[in-house]
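# Residue-level structure breakdown
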Amino acid sequence: MSELGNVDLAGEFTRYRETMLAGVEVPGPAEVRRTVRRRRRHHLATATAAAVALLGGPAVGYAALDRSGPPPEPVRPTPSASPTPTPSGSPNPTGTPSPTTASPSRTAPDGRISRQQLAAARVDLPAWRPGPACPTDGVRLAAEAGSAREKTNAIEEVETGDVDGDGAAETVALIRCALGSGGPQQAVAFDRDDAGRIVTVGRITASTIEQPQWLTGLDVRADGVVRVQVADLAPGGGWPGDWSQRQWRGYRWSGERFTQVEGPTSFGPNPYSTDLAVTAKDLILADDPTDGSRVGAIQVRIRNLGDRRADAVPLTLDLPVALLPYGSAWSGCGPDPGRYRPPLSCDLGPVEAGGELVVRLGVRLPPGARLTPGTAAVRGAATGPGGYNLLDPDVDNNEDTIAYR
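### Observations regarding the nonpolar core
The biggest cluster of nonpolar side chains holds 33 residues, and the ones touching the most others in it are Ile298, Val300, Leu317 and Leu319. Counting only elements with at least two residues in this core, the list comes to β11 (276-280), β13 (294-304), β14 (313-317), β16 (344-348), β17 (356-365), β18 (374-380) and β19 (399-404). At 4 residues, the largest contribution of residues to this core is made by β17. The residues touching Leu317, leaving out its near neighbours within four places in the chain, are Ile298, Trp330, Pro343, Leu344, Leu361, Ala377 and Val378. Formed by 17 residues, the second largest nonpolar core is a distinct cluster that contains Leu118, Val123, Cys134 and Phe190.

Encoded structure:
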């Protein structure tokens with residue numbers, strides 16, 4: 001551009017400024033301050049909007065640009081994506097675990113109780129079977145069965161294990177009520193409460209009048225099943241314990257009581273048994289002309305209806321004391337048969353299974369002795385090895401009644 005052009009433009013600009021400024025009102029100091037404040041608020045709002053847009057993500061951006069428009073479509077998983085949701089990270093930026101409302105698990109007390117500790121405490125026992133029995137409330141147990149007094153309770157065996165599934169061990173004890181040479185038994189579970197006191201969980205099983213009459217052993221398995229060895233017959237009264245049938249039966253805690261979950265529930269016929277039947281004919285005495293006495297014989301028939309041999313048959317006759325054994329049939333009863341009266345008795349046999357034995361036992365009424373007519377019982381029993389009595393399921397046919405005159 002030429003210098004003449006520059007001069008003309010400068011002049012025009014000068015004239016324009018002088019003309020416009022003459023009509024413009026210059027603002028005062030207050031107006032200047034208001035303008036500055038407006039500009040500052042504008043800059044602050046602009047900066048805040050930018051920050052929100054950056055932090056809020058795409059959804060905030062869409063809403064800021066156009067609230068009437070539809071939101072973006074959700075991202076759908078591809079067919080190859082796992083359907084199992086991925087755990088999200090902790091929402092707490094500090095890394096501190098969020099509080100939980102679940103209460104901490106309770107630790108079960110240790111229920112291991114020694115024989116001596118059990119004997120030193122006062123415990124409650126489940127009720128004994130009806131009839132003469134031992135106390136049950138707040139009782140002291142004898143540590144050994146042999147030291148128990150009549151109608152007191154004694155510990156026969158102790159085992160431990162987790163029987164109620166709480167993760168801690170309990171104690172199972174075999175208890176006997178001392179009555180005579182024996183007495184009823186029961187297996188009982190004990191535990192400790194939170195204060196350490198011994199408490200009774202419940203009865204596992206007990207002996208009965210019928211079967212089982214005898215509890216012979218305990219065992220607690222790792223799965224919580226309490227195994228009790230039971231026997232059909234208790235020893236005593238001419239019955240040896242090793243002739244009893246034994247079974248292991250398993251019991252489990254249901255939360256309220258112990259119930260049988262394993263093993264047999266009944267016994268079959270005991271192998272040491274037979275069925276003996278005794279019958280006899282009436283005794284009729286006749287005069288003996290040689291010395292004036294009266295003599296006669298009692299005919300006894302013994303049948304073995306069982307399938308086991310009777311090694312011997314002890315036979316007793318409740319005859320009057322005036323009648324004396326007479327004849328060779330009593331010779332097997334010992335050197336002095338008379339010492340077995342009254343009643344008269346003798347060991348007869350053996351009698352094989354399915355067999356029978358018939359004997360005639362002579363008796364004599366001495367001269368001058370008087371005999372009042374009456375009746376007498378004739379009884380028999382079967383014995384096995386060692387002279388022990390065999391079990392007889394039908395004892396009613398072991399006895400007969402005769403008349404004498």
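### Points about the sheet that holds strand β8 (residues 226-231)
If you trace the 4 strands from one edge of the open sheet to the other, you get β7-β8-β9-β10, paired in antiparallel fashion. Each having just a single partner strand, β7 (214-220) and β10 (258-262) make up the two edges of the open sheet. Across the sheet, the mean angle from the axis of one strand to that of its neighbour is 35 degrees, orientation sign disregarded. When β8 meets strand β9 (residues 246-253), the two strands line up antiparallel, connected through 6 bridges.

### Here's the deal with the packing of aromatic side chains
This model, assessed by the stated rule, comprises 4 aromatic pairs. Seen in terms of ring centroids, Trp243 and Tyr272 are 4.3 Å apart; in terms of plane orientation they differ by 5 degrees. Their pairing is stacked. With Trp243 in the loop between β8 and β9 and Tyr272 in the loop between β10 and β11, this residue pair connects regions lying 29 residues apart in the sequence. Using a relative accessible area of 7% as the deciding quantity, one classes Trp243 as buried. According to the relative accessible area criterion, Tyr272 is partly exposed, its value standing at 23%. With a centroid separation of 5.8 Å and an interplanar angle of 80 degrees, the aromatic rings of Trp243 and Tyr388 are classed as edge-to-face. In this pair, Trp243 is assigned in the loop between β8 and β9 and Tyr388 in the loop between β18 and β19, connecting sequence segments 145 residues apart.

### Focus on the pairing of strand β4 (residues 170-177)
Along any regular strand the residues' side chains alternate between the sheet's two faces. The element β4 is largely enclosed, with a buried count of 8 among its 8 residues. Of the two faces of β4, both are covered, the one formed by Glu170, Val172, Leu174 and Arg176 as well as the one formed by Thr171, Ala173, Ile175 and Cys177. Across 8 bridges, the pairing between strand β3 (residues 153-161) and β4 is antiparallel. Opposite Ala154, over in β4, you have Arg176 as the bridge partner.

### Some points on the state of the cysteines
Taken as a whole and judged by the stated rule, the model has 1 disulfide. Shown here is the disulfide that connects Cys134 with Cys177, its sulfur atoms set 2.2 Å apart. On the S-S bond that ties Cys134 to Cys177, the torsion sits near 90 degrees, and the link is right-handed. You can see Cys134 sitting in the loop between β1 (122-123) and β2 (139-140) and its partner Cys177 sitting in strand β4, a full 43 residues away along the chain. Here Cys134 and Cys177 have matching classes, each one buried.

### Some thoughts on the environment of Leu315
Along the chain, Leu315 falls in strand β14. Spatially, the C-alpha atom of Leu315 lies 5.4 Å from that of Cys346, the residues being 31 residues apart in sequence. Apart from the residues within four sequence positions on either side, Leu315 is in contact with Val278, Val300, Leu344, Ser345, Cys346, Leu348, Leu361, Val378, Arg379 and Gly380.

### Some remarks on the sheet that holds β18
Taken together, the 4 strands give an open sheet; going across it, the order is β16-β14-β18-β19, and neighbouring strands pair in antiparallel fashion. Edge positions in the open sheet fall to β16 and β19, since each of these has one partner strand only. In this sheet, adjacent strand axes meet at a mean angle of 20 degrees when their direction is disregarded. One ladder, built from 3 bridges, connects β14 with β18; its direction is antiparallel.

### Observations regarding the environment of Pro269
Summarising the element assignment, Pro269 is placed in the loop between β10 and β11. The class for Pro269 is exposed, based on a relative accessible area of 77%. Sequence separation between Pro269 and Leu391 is 122 residues, and the spatial gap between their C-alpha atoms is 9.7 Å.

### Overview of the side chain of Asp191
If you trace the backbone, Asp191 turns up in strand β5 (residues 185-192). Buried charged residue Asp191 carries no salt bridge. Nearest counter-charge: Arg192, at 6.8 Å. Sequence-distant contacts of Asp191, that is, excluding residues within four places in its chain, are made with Pro109, Asp110, Gly111, Ile113, Asp164, Asp166, Ala169, Glu170, Arg197, Ile198, Val199 and Val201.

### Overview of the environment of Pro366
Following the sequence through the fold, Pro366 ends up in the loop between β17 and β18. The class of Pro366 is partly exposed, set by a relative accessible area of 23%. Separated by 43 residues in the primary sequence, Pro366 and Leu323 have C-alpha atoms spaced 7.8 Å apart. Other than its neighbours up to four places away in sequence, Pro366 contacts Ser293, Ala322 and Leu324.

Each value, and the rule that gives it
Residues numbered from 1 in each chain as written. Predicted model: local features only at pLDDT ≥ 70, side-chain atom pairs only at ≥ 80, totals over all residues. Heavy atoms only, no water. Core = buried A, V, L, I, M, F, W, Y, C linked by side-chain atoms within 4.5 Å. Buried < 20%, exposed > 50% of the residue type's maximum accessible area, 1.4 Å probe, protein only. Helix = DSSP H or I, 4+ residues; strand = E, 2+ residues; numbered from the N terminus. Contact = heavy atoms within 4.5 Å. Pairing = 2+ DSSP bridges. Axes fitted to C-alpha atoms, helices over the stretch in contact; angles between N-to-C directions. Phe/Tyr/Trp six-rings, centres within 6.5 Å; stacked < 30°, edge-to-face > 60°. Disulfide = S-S within 2.5 Å. Lys, Arg positive; Asp, Glu negative; His and termini not counted. Salt bridge = Lys/Arg side-chain N within 4 Å of Asp/Glu carboxyl O.

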